[in-house]
Amino acid sequence: MLEAFRRRRRNRYIVEAIWDQVVARARQPVRFEEGGLPDTVMGRYESLCIEVFLVLRRCGRDPSLAEFSQDLVDRFMTDLDHSLRELGIGYLAVPKRMRALAARFYARVAAMEGPLSVGDRAALADVLRAGAFTDAPGARADAAEHLASHMMDDARWYDSLSADRLLTGRLETDSGTKA
């Protein structure tokens, strides 16, 4: 029993470490300056959805990451819940908003997977224009191609990460750069 407690505690630490890095990657200026997402609450949500999608996509390719992947989804939803409360959304309205944001996230995942898996940048850009760029007022739809290219590069990078690396809580190298 004590070992199970230690494992859960270690898993929490790993998920938190990865989560912090996922959030930092989602806040990269390139997503907003060149990628066309607005630096607003909804623009940041869309950027975070993209980054979470990419890391979960990588996790989905390895059965040993299934538990980690679920823990990361749980952490994502917890972060959304806390963010809504910090924005002043009323206690009774939070569950309804959470359902809407979760549905939006899973719709994005379903729409982006196909074009990304076959390397179709134009189709991925169309998905971004129809979703992320529509739901984030102030987005520059003309930059969708750039964001799609950036996503494809990041997807290849995530795919190159070993399961061991993810399970040690490190996305970035020791120097803070991509592997």
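First things first, this report covers the structure right here in the doc. (Residues numbered from 1 in each chain as written. Predicted model: local features only at pLDDT ≥ 70, side-chain atom pairs only at ≥ 80, totals over all residues. Heavy atoms only, no water.)

## Side note on helix 3 (residues 41–59)
Relative to the 27 Å expected for 19 residues at 1.5 Å per residue, helix 3 spans 27 Å between its end C-alpha atoms, a close match to the ideal helical length. Of all 19 residues in helix 3, 16 are buried; the element is thus mostly enclosed. (Helix = DSSP H or I, 4+ residues; strand = E, 2+ residues; numbered from the N terminus. Expected span 1.5 Å × (residues − 1). Buried < 20%, exposed > 50% of the residue type's maximum accessible area, 1.4 Å probe, protein only.)

## Concerning the environment of L128
Looking at where L128 falls in the secondary structure, it is placed in helix 6 (residues 121–130). A residue is classified by how much of its surface remains accessible, and L128, at 2% relative accessible area, is buried.

## Comments concerning the packing of aromatic side chains
One pass over the structure, following the stated rule, counts four aromatic pairs. On the numbers, 5.1 Å between centres and 70° between planes, the contact of F105 with Y106 is edge-to-face. An aromatic cluster of three or more residues is present, and its members are W19, F76, F105 and Y106. (Phe/Tyr/Trp six-rings, centres within 6.5 Å; stacked < 30°, edge-to-face > 60°.)

## Concerning the packing of helix 5 (residues 94–118) against helix 6
The interhelical angle for the contact between helix 5 and helix 6, taken along N-to-C directions, is 165°, at an axis separation of 8 Å. Relative to helix 6, helix 5 is oriented roughly antiparallel. Handedness of the helix 5/helix 6 crossing: left-handed. Side by side, helix 5 and helix 6 meet where A111, M112, P115 and L116 of the first sit next to A123, L124, V127 and L128 of the second. Partitioned by chemical class, the residues of the contact of helix 5 with helix 6 number eight nonpolar, no polar and no charged. (Axes fitted to C-alpha atoms, helices over the stretch in contact; angles between N-to-C directions. Parallel < 35°, antiparallel > 145°, perpendicular 65-115°, else oblique. Left-handed = near helix turned anticlockwise from the far one by under 90°. Contact = heavy atoms within 4.5 Å. Nonpolar A, V, L, I, M, F, W, Y, C, P; charged D, E, K, R; others polar.)

## Observations regarding the nonpolar core
V22, F76 and L128 are the most contacted members of the largest nonpolar core, which has 52 residues in total. Counting only elements with at least two residues in this core, the list comes to helix 1 (2–26), helix 3, helix 4 (66–86), helix 5, helix 6, helix 7 (132–135), helix 8 (144–160) and helix 9 (163–167). Not counting the four nearest positions on each side in its chain, F76 is found in contact with W19, Y45, L48, C49, V52 and F105. (Core = buried A, V, L, I, M, F, W, Y, C linked by side-chain atoms within 4.5 Å.)

## Quick notes on the side chain of R31
Within the secondary structure, R31 sits in helix 2 (residues 29–33). Once residues lying within four places of it in the same chain are set aside, the contact partners of R31 are R25, A26, G36, L37, S47, I50, E51, L54, L147, H150 and D154.

## Describing the pattern of salt bridges
One pass over the full model with this rule turns up 17 salt bridges. Across the salt bridge formed by R31 and D154, the nearest N and O atoms sit 3.5 Å from each other. Separated by 123 residues along the polypeptide, R31 in helix 2 and D154 in helix 8 bring together distant segments of the chain. For the pair R31 and D154, a shared accessibility class is recorded, and that class is buried. A salt bridge links R121 to E145; its shortest N-O distance comes to 2.8 Å. (Salt bridge = Lys/Arg side-chain N within 4 Å of Asp/Glu carboxyl O.)

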